[in-house]
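# Observations on the three-dimensional arrangement
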Amino acid sequence: MRTTLEIDEKLIQEIIKISRAKTMKSAIVIALTEYLKNKRRQELKNMIGAYDALDLSLKDLEKMRDEE
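Here the focus is the environment of Ile18. With respect to the element layout, Ile18 can be found in helix H1 (residues 9–19). Taking C-alpha positions, Ile18 is 14 Å from Tyr35, a pair spaced 17 residues apart along the chain.

Rendered as structure tokens:
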């Protein structure tokens, strides 16, 4: 999809620098992907509630999912 946007040049340059992206397009894709990952992690954290996710193993999380 082709879209024209006005994006703060300092912001784009920072994303390019941090992500080591070769192009503006790849920097934007990386930023959007990371944003979505972060939101999904936050949603999972909210679903878990008061549990400390750091103490849960992958097997524990799978067991919790299977019990629902």
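Now that the structure is up, let's keep going.
What follows concerns the packing of H1 against helix H2 (residues 24–48). In the contact formed by H1 and H2, the axes pass within 9 Å of each other and the chain directions differ by 80 degrees. Taken as axis vectors, H1 and H2 run roughly perpendicular relative to one another. Here Ile12, Ile15, Ile16 and Ser19 of H1 come into contact with H2, specifically with Met24, Ala27, Ile28, Ile30 and Ala31. Residue composition of the contact of H1 with H2, grouped by class: 8 nonpolar, 1 polar and no charged.

Scoring rules and cut-offs
Residues numbered from 1 in each chain as written. Predicted model: local features only at pLDDT ≥ 70, side-chain atom pairs only at ≥ 80, totals over all residues. Heavy atoms only, no water. Helix = DSSP H or I, 4+ residues; strand = E, 2+ residues; numbered from the N terminus. Axes fitted to C-alpha atoms, helices over the stretch in contact; angles between N-to-C directions. Parallel < 35°, antiparallel > 145°, perpendicular 65-115°, else oblique. Contact = heavy atoms within 4.5 Å. Nonpolar A, V, L, I, M, F, W, Y, C, P; charged D, E, K, R; others polar.

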